[in-house]
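Here is what each chain is made of, one letter per residue.
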Amino acid sequence: MKVLKFGGTSVGSVESMSSVKQIVESCHEPVIVVVSALGGITDRLIETARVAVEGGDGYESHFRAIVERHKAMVANAVAPQKQTELLALIDPLLGELGNIFKGVSLIKDLSTKTLDTIVSYGERLSSLIVSRVVDGAAHYDARFFIKTRRQYGKHIVDFEETNKLVKRYFAELPRVAVVPGFIASDRVTGDVTNLGRGGSDYTASILATALGASQLEIWTDVDGFMTADPRVINTAYVIERLSFTEAMELCNFGAKVIYPPTIYPVFHKNIPILIKNTFNPSAPGTLISADHSHIEGKAIKGISSINDTCLITLSGMGMVGVIGINSRIFKRLAESGISVFLVSQASSENNTTFAVRNADADLAVRVLRDEFKEEIAVGEISGIEAEKELATVAIVGENMKHTPGIAGRLFNVLGRNGINVIACAQGASETNISFVIARNSLRKALNVIHDSFFLSESQVLNLFVAGVGTVGRDLLKQICKQQQRLLETKALQLRLVGIANSRKCLFDREGIDIEHCIELLDREGTPASPQKIKEEIIAMNIFNSVFVDCTASPDIAALYQSLLDHNVSVVASNKIAASGSYDSYRALKQTARKRDVKYLFETNVGAGLPIINTINNLINSGDKILKIEAVVSGTLNYIFNVVSAEVPLSQAVRMAQEAGYSEPDPRVDLCGQDVIRKLVILAREAGYRVEQSDVKKNLFIPESYFTGTLDDFWRAIPDYDATFEVYRRQVADRGRVLRFVATLDHGAVEVGLREVDSAHPFYHLEGSNNVILLTTERYREYPMVIKGYGAGAEVTAAGVFADIIGIANIR
Ligand code: ADP
Ligand code: ASP
Ligand code: MG
């Protein structure tokens, strides 16, 4: 025989009832069918009782809804010829229930006993209905054979009595027996009791064990036991097989799919559990058994968590080496009916920490302060403190046994995401590592573990993109085009979780459709400010997150420090931060290192050219940068390449601006500021402490042209054309060209115009190209040359993209 348990959703609708009917009727052996209350009814019963106890008739509408729900189920799920007989059983029950609610509202008292009675109606009603839905079924009342006794103020199953009674009641098995789950009765008083929320699973396990069933089937609303709670992790997937130990560890820590006490009885009798989906019966489900042959492959089978955690710590130098302290702690807690689900004590013994549910915390502290009042008075115990608002996470897998490095990887990935582990415990069985973190980091922790480490098929990077001008737009286009390929070939998933321009911002932790993100931003975005962007990102507290700055805004650059402090990596084409004050540049780099995240800005110099990476690689491998000579202004290079007898300087500047090579205000390029920023960044990356004010400037347009407004500049600059033309012609007559060169020479920094002849590597430099010469200890006689497109949205976006991929650390 088999025991089949159907949960609340499985008996919650007419459609699911018909599925239950089919599943049960197609069994060829005798079955016991254990059912929960119709989905949501237990909650409704409790809620109605809470309204009733307030007094008055406010509860009536709630009660009416409960009545309607059951009546509708009878009318729609039960064959018409059986309805009258069934209603003759159900109506009196509903009548009784109504009277109890009325009594509660009149007396304004709701004892535990009354509430236990009230909730029992859920299963009593549902089991009657199911027994008339399934053909040939006999109905049993679990209160007659599931017996409880009191222990530390709680009802626990009295197995001796229960096993005896179950065997007696089912001495002869009908083909189908329908039994209400959850409910029981007190062995001594006969009062109705229950096995705790979710307890129908336990009823089924008790019956399966007492009767030696061949299998226990738990029919629910998911395809099986999943790697994590699917409501929190959308990439969670069904685990085909679990050992009893793994299932027990996962359930105990909050995997709601099975009520924790369920596992032990069947484990003890070696009866396998099959988890199946009532809504998708053909899915294979999850088999939980003693068979270990499947235990191979992934070290971690699943993750589960309890977000209701309070840590209590007893500390004191006087505890060191004293025998019996822990025994007193746990004895006193047990006597107070408090369950402890995690314990941690360092070998120094000067504190013991344990986790309880928040509801038990105050009582726990009170009884322990009482227990240890003498030790507290003399200072042997210095404190008993409770820390609330925490969550406990467990990672589980039998394969962790004897596999070094799991805990290391776990804590490393948590640390990199800024999740602080407050306490941890790993039993010597090595099948479970549990740790406690702040409650508001729970979602992030579960995702980060599930994703970057054990279970998911791919690694996710969560991107926030600020700035959707030319570079940002091209970046999004490139990501959109490459996304699928990265997923297929590198198992890297790029997810856009936030996007902003100077006016609007849009966030969605599930991901924004990249192809249409700019329209979405326009349509659905809310007003943006740098402060808001920062707050949203920090509040989202999302794992593996990267802030991508494609703006030129100092206010956005000012966010990097806080973001890095919150373990958000930063990729910037914006050069303001890296070229700002040396101390803040250092602080950003140090924070990134300390937090184990990345601050990357390869595109700050030479767009997509690999300059900063190259400098870093040289230095890291022991080389020393002696000198850098660089033409790093695509704009100025373009201007010097087009200026001629026919094209005066002012016109060349205008052309650069119109072609999109220069900044919107070309003076930023002409006054050398852009080159100075780039030089400062290069010098710093080469290991020199340099500020913008250290850079010597030899400009080619007098400072006076830069003082007024942009309009003043456009008006005045043609006046300078003739002077410049004289100079240009002299240079040309000497067979040379003009280049605006940035130089770092043993720490000294300088920008200015230089004449170069045809033998110089800077002579042939077309369009807006950049060139960088690196003279190092190793590349002394023949400097290293890096040359190519140094401006343009497409190559800059590609450089930003490469930095993003660099964070994922894939090749
Ligand atoms: P039932 O009413 O059938 O007893 P429950 O709601 O008690 O169903 O349990 C099933 C639910 O448990 C699923 O719908 C799912 O949301 C949740 N759940 C939490 N953790 C897990 C997990 N690891 N695997 C599967 N489901 C889980
Ligand atoms: N109906 C009870 C509850 O909701 C028992 C169960 O469904 O297992 O907790
Ligand atoms: Mg359940």
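Conventions we followed
- Residues numbered from 1 in each chain as written.
- Chains lettered and ligands numbered in written order.
- Predicted model: local features only at pLDDT ≥ 70, side-chain atom pairs only at ≥ 80, totals over all residues.
- Heavy atoms only, no water.
- UniProt positions renumbered as here; feature names shortened; annotations may be inferred.
- Helix = DSSP H or I, 4+ residues; strand = E, 2+ residues; numbered from the N terminus.
- Rg over C-alpha atoms; globule rule 2.2 N^0.38 Å.
- Buried < 20%, exposed > 50% of the residue type's maximum accessible area, 1.4 Å probe, protein only.
- Contact = heavy atoms within 4.5 Å.
- Areas by Shrake-Rupley, 256 points an atom, 1.4 Å probe, with all protein chains shown as cover.
- Lys, Arg positive; Asp, Glu negative; His and termini not counted.
- Charge placed at Lys NZ, Arg CZ, Asp CG, Glu CD.
- Near = heavy atom within 4 Å.
- Polar contact = N/O pair within 3.5 Å; in protein donor to acceptor, adjacent residues only side chain to side chain.
- Pairing = 2+ DSSP bridges.
- Axes fitted to C-alpha atoms, helices over the stretch in contact; angles between N-to-C directions.
- Parallel < 35°, antiparallel > 145°, perpendicular 65-115°, else oblique.
- Left-handed = near helix turned anticlockwise from the far one by under 90°.
- Nonpolar A, V, L, I, M, F, W, Y, C, P; charged D, E, K, R; others polar.
- Phe/Tyr/Trp six-rings, centres within 6.5 Å; stacked < 30°, edge-to-face > 60°.
- Right-handed = clockwise from strand over helix to strand, strands pointing away.
- Salt bridge = Lys/Arg side-chain N within 4 Å of Asp/Glu carboxyl O.
- Patch = residues over 30% accessible without salt bridge, like charges linked within 9 Å, V, L, I, M, F, W, Y side chains within 5 Å.
- Core = buried A, V, L, I, M, F, W, Y, C linked by side-chain atoms within 4.5 Å.

Within an unreviewed UniProt entry, the label attached to the protein reads Aspartokinase, and the organism entered is Barnesiella viscericola DSM 18177. According to the UniProt record, the Cofactor (unreviewed entry) comment for the protein is "a metal cation". UniProt lists a comment for the protein under the heading Subunit (unreviewed entry), and it reads "Homotetramer."

Chemist: Explain the overall build of the protein to me, and be specific about the residues and the numbers.
Modeler: Scanning the protein from N- to C-terminus turns up 29 helices and 31 strands. Relative to the 2.2 N^0.38 estimate, which gives 28 Å for 811 residues, the radius of gyration of the protein is 36 Å and therefore markedly larger than a compact globule would have. For the protein, the spread of C-alpha atoms along the principal axes amounts to about 115 × 70 × 60 Å. A burial count over the protein gives 53% of its 811 residues as buried. Expressed as a percentage of contacts within the protein between residues at least 6 apart in sequence, the contacts between residues at least 24 apart total 72%. Entry remark: accessible area of the protein is about 34,700 Å², with carbon and sulfur atoms responsible for 50%. Computed over 86 positive and 94 negative side-chain charges, the separation of the two mean positions in the protein equals 2 Å.

Chemist: Help me get a handle on the site of ligand 2, residues and values and all.
Modeler: The full set of residues close to ligand 2 is Ser36, Thr42, Glu123, Phe182, Arg197, Gly198, Gly199 and Ser200. The separation between an oxygen atom of ligand 2 and a polar main-chain atom of glycine 198 is 2.8 Å. For ligand 2, whose unbound accessible area comes to 260 Å², protein coverage reaches 86%.

Chemist: Pulling in residues and values, what's your account of the pairing of strand β4 (residues 147-151)?
Modeler: Judged from the two bridges that link them, β4 and strand β7 (residues 183-186) form a sheet pairing that is parallel. Along β7, the bridge assignment pairs lysine 147 with serine 185. Taken together, the four bridges between β4 and strand β5 (residues 154-157) define a ladder with antiparallel strand orientation. The partner of threonine 148 across the bridge, within β5, is valine 157.

Chemist: I'd like a description of the packing of helix α15 (residues 470-490) against helix α29 (residues 793-808), backed by residues and values.
Modeler: Packed helices, taken two at a time, are described by the angle their axes make and the gap between the axes. Remark: α15 packs on α29, axes separated minimally by 8 Å, with the N-to-C direction vectors making an angle of 50 degrees. Between α15 and α29, the crossing angle belongs to the class labelled oblique. Considering only the axes of α15 and α29, their crossing is right-handed. Taken together, the residues of α29 that come into contact with α15 (itself represented by Thr470, Val471, Asp474, Leu475, Gln478, Ile479, Gln482 and Leu486) are Ala793, Glu794, Thr796, Ala797, Ala798, Val800, Phe801, Ile804 and Ile805. For the contact of α15 with α29, the class distribution of residues is eleven nonpolar, four polar and two charged.

Chemist: A description of the packing of aromatic side chains should follow, citing residues and the corresponding values.
Modeler: Using the criterion set out here, one finds 27 aromatic pairs in the structure. Relative to phenylalanine 700, the ring of phenylalanine 640 lies with its centre 5.1 Å away and its plane at 65 degrees, an arrangement referred to as edge-to-face. Of this pair, phenylalanine 640 sits in helix α23 (residues 634-642) while phenylalanine 700 sits in the loop between β27 (696-698) and α27 (710-716); the two residues are 60 residues apart in sequence, bridging distant segments of the chain. With a relative accessible area of 6%, phenylalanine 700 lands in the buried category. Site record: aromatic cluster; members linked through ring pairs are Tyr140, Phe144, Phe145, Tyr169 and Phe170.

Chemist: So what's going on with the pairing of strand β20 (residues 492-500)? Residues and values would help.
Modeler: Burial within β20 is extensive, with eight of its nine residues counted as buried. Bridge count for strand β19 (residues 459-466) against β20 is eight bridges, and the pairing is parallel. By the bridge assignment for β20, alanine 466 is matched with alanine 500. Tracing the backbone out of β19, into α15 and back to the parallel element β20 gives a crossover that is right-handed. With three bridges joining them, β20 and strand β21 (residues 504-507) adopt antiparallel strand pairing. Its bridge partner being in β21, glycine 498 is matched across the sheet by phenylalanine 507. Between β20 and β21, which follow one another and run antiparallel, lie three residues.

Chemist: Could you give an account of the site of ligand 1, with specific residues and numbers?
Modeler: Within the structure, ligand 1 sits among 16 residues, and Lys5, Thr220, Asp221, Met226 and Lys256 are positioned closest to it. At 2.7 Å, a side-chain N or O of aspartate 221 approaches an oxygen atom of ligand 1. For ligand 1, whose unbound accessible area comes to 570 Å², protein coverage reaches 89%. Of the residues assigned to the shell around ligand 1, the class counts are seven nonpolar, four polar and five charged.

Chemist: Quick rundown of the pattern of salt bridges? Include the residues and the values.
Modeler: Scanning the model with the defined rule gives 39 salt bridges in all. For aspartate 229, the salt bridge is made with arginine 231, and the minimal N-O distance between the two is 2.8 Å. The partly exposed category is assigned to aspartate 229, whose relative accessible area is 28%. For arginine 231, a relative accessible area of 60% corresponds to the exposed category. Residue lysine 575 pairs with aspartate 674 through a salt bridge whose shortest N-O separation is 3.4 Å. Taken together, the residues lysine 575 in the loop between β24 (569-572) and α20 (576-579) and aspartate 674 in helix α26 (residues 673-685) connect sequence positions 99 residues apart. Summarising the burial analysis for this pair, lysine 575 and aspartate 674 share the class buried.

Chemist: Would you mind going over a negative patch on the surface in detail, with residue names and values included?
Modeler: Judged by side-chain charge, Asp513, Glu515, Glu519 and Asp522 come together as a negatively charged surface patch. Mapped onto the secondary structure, glutamate 515 falls in the loop between β21 and α16 (517-524).

Chemist: How would you sum up the nonpolar core? Please name residues and give values.
Modeler: Grouped together as the largest cluster of nonpolar side chains are 109 residues, with contacts concentrated most on Phe547, Tyr599, Ile628 and Phe700. Non-local contacts of phenylalanine 700, meaning those with residues more than four positions away in its chain, are made with Leu636, Phe640, Leu649, Leu670, Tyr720, Phe724, Phe740 and Leu753. Membership of the second largest hydrophobic core comes to 57 residues, among which are Val34, Ala177, Ala247 and Ile258.

Chemist: Residue-level account of the environment of leucine 461, with values.
Modeler: By the secondary structure assignment, leucine 461 is in strand β19. Separated by 266 residues in the primary sequence, leucine 461 and leucine 195 place their C-alpha atoms 44 Å from one another. Contact partners of leucine 461, with chain neighbours within four places excluded, come to Leu492, Gln493, Leu494, Arg495, Asn544, Val546, Ile804, Ile807 and Ala808.

Chemist: Explain the sheet that holds strand β15 (residues 351-356) residue by residue, including any values.
Modeler: Sheet architecture is open: six strands sit in the order β14-β15-β13-β16-β18-β17, paired in antiparallel fashion. Unpaired on one side and paired on the other, β14 (342-345) and β17 (423-426) mark the two borders of the sheet. Taking the axes of each pair of neighbouring strands and ignoring which way they run, one obtains an average angle of 25 degrees across the sheet. Bridge analysis of strand β16 (residues 383-396) against strand β18 (residues 432-438) gives seven bridges, and the strand direction is antiparallel. Each bridged residue has a counterpart across the sheet, and for isoleucine 395 the counterpart in β18 is isoleucine 433. Docked against the sheet, helix α8 (residues 244-252) engages β13 (302-315), β16 and β18, running at close to 65 degrees with respect to β13. Here helix α13 (residues 406-416) sits on the sheet in contact with β16, β17 and β18, set at roughly 15 degrees to β18.

Chemist: For the packing of helix α2 (residues 41-52) against helix α5 (residues 112-133), give the residues involved together with the corresponding values.
Modeler: The contact between α2 and α5 brings their axes to 9 Å, and the two run at 145 degrees. The chirality of how α2 crosses α5 is right-handed. Here α2 contributes Ile41, Thr42, Leu45, Ile46, Ala49 and Arg50 to the contact with α5, which in turn contributes Leu115, Ile118, Val119, Gly122 and Glu123.

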